[in-house]
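# Observations on the model geometry
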Amino acid sequence: MPGPSGVMPQHVAIVMDGNGRWAKQRGRARTFGHHRGARATRSAVEYCVRNDIPNLTLFAFSSENWSRPAEEVGVLMKLFMRALRTEIRELKKHGVRLRFIGDLSRFSGPLQKAMEDGIAETAQGTKVCLNIAVNYGGRWDLVQAARQVARAVERGEIKADDVAEEHFSQYLTLSDTVEPDLFIRTSGETRISNFLLWQLAYTELYFTELLWPDFDDAAFDAAITAFRKRERRFGVLSEQLERAAGA
Ligand code: IPE
Ligand code: IPE
Ligand code: MG
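One structure accompanies this document, and this report is about it. (Residues numbered from 1 in each chain as written. Chains lettered and ligands numbered in written order. Predicted model: local features only at pLDDT ≥ 70, side-chain atom pairs only at ≥ 80, totals over all residues. Heavy atoms only, no water.)

Once that is clear, we can look at the site of ligand 1. The environment of ligand 1 is formed by 13 residues, the closest being D17, G20, R21, R30 and R68. D17 has a polar side-chain atom sitting 2.8 Å from an oxygen atom of ligand 1. Contact with the protein chains covers 87% of the free accessible surface of ligand 1, which is 380 Å². Of all the secondary structure elements, the ones that give two or more residues to the shell around ligand 1 are α1 (19-25), α2 (30-50) and α3 (70-93). The element that contributes the greatest number of residues to the shell around ligand 1 is α1, accounting for three residues. Grouping the constituent residues of the shell around ligand 1 by class yields three nonpolar, five polar and five charged. (Near = heavy atom within 4 Å. Polar contact = N/O pair within 3.5 Å; in protein donor to acceptor, adjacent residues only side chain to side chain. Areas by Shrake-Rupley, 256 points an atom, 1.4 Å probe, with all protein chains shown as cover. Helix = DSSP H or I, 4+ residues; strand = E, 2+ residues; numbered from the N terminus. Nonpolar A, V, L, I, M, F, W, Y, C, P; charged D, E, K, R; others polar.)

Have a look at this one:
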């Protein structure tokens, strides 16, 4: 019988949502939820290290999140800075290679420097590649790739009529990484919110009601179990997949 491949995902992408509601349920300020969310983030990274998931992409701050109240944005920036100061050593120890995707130019000088240092410090990691999406938007990603394709056309390297999918994908962020197999969004919201628009074309989507600070190992296990039961057809028929697998 054709069916689920049962394989582990090679790349998991997560929209870590629900910090504010988690805090509100406890009568606390939204920022308390972000602090607890940071703990859940650490535990998700450790999960990938332990379970041989080689690529993890986390949506930490969207290009639209700048429009939140200045105080909340300020706390988030402080939290990033603190995490960069305190977590790099652990990441390095566990073989995690840290990268950032998004338009980093909008961040303060010291924060940009801390990100660069984190990337450099962990560059030798081979166990898990951790991509943190900050000031990231899927539309921004497409537009910056389009700009680079246009420049290649201007230089005469490609003819406009020959522009193909691979020209775009080579300039998109994460071009060197397998596309996400599994997308997880917490907090019961069932939308993409301008995350990886191109890269999610054939990703399996998984939604859970849990709020991000409550997303623990058991919750990650449940997402992986659900993923392993899925049959990914990529537009063809089950019978064709079965034949290809038997061949
Ligand atoms: C996700 O939690 C974290 C960020 C977007 C930075 P939220 O802050 O969106 O929490 P809710 O969705 O308001 O509960
Ligand atoms: C998406 O969550 C962005 C991050 C988790 C960083 P939001 O909370 O910003 O998304 P919406 O506003 O519910 O779509
Ligand atoms: Mg939210």
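Now that the structure is up, let's keep going.
This next bit is on the packing of α2 against α3. Their axes nearest at 11 Å, the elements α2 and α3 cross at an angle of 25°. In terms of their interaxial angle, α2 and α3 are classed as roughly parallel. Crossing geometry of α2 relative to α3 is assigned as right-handed. Residues R30, T31, H34, H35, R42 and V45 of α2 lie in contact with α3, whose contacting residues are E72, V75, L76, L79, R82, E87 and L91. Here the residues of the contact of α2 with α3 are counted per class, giving five nonpolar, three polar and five charged. (Axes fitted to C-alpha atoms, helices over the stretch in contact; angles between N-to-C directions. Parallel < 35°, antiparallel > 145°, perpendicular 65-115°, else oblique. Left-handed = near helix turned anticlockwise from the far one by under 90°. Contact = heavy atoms within 4.5 Å.)

Within the structure, ligand 2 sits among V15, M16, D17, F59, A60, F61, S62, N65, R68, R185, R191 and S193. Between an oxygen atom of ligand 2 and a side-chain N or O atom of R68, the distance comes to 3.2 Å. S193 is positioned such that a nitrogen or oxygen atom in its side chain is 2.6 Å from an oxygen atom of ligand 2. In isolation ligand 2 exposes 390 Å². Once the protein is present, 78% of that is buried. It is strand β2 (residues 55-62) that provides the largest number of residues to the shell around ligand 2, a total of four residues.

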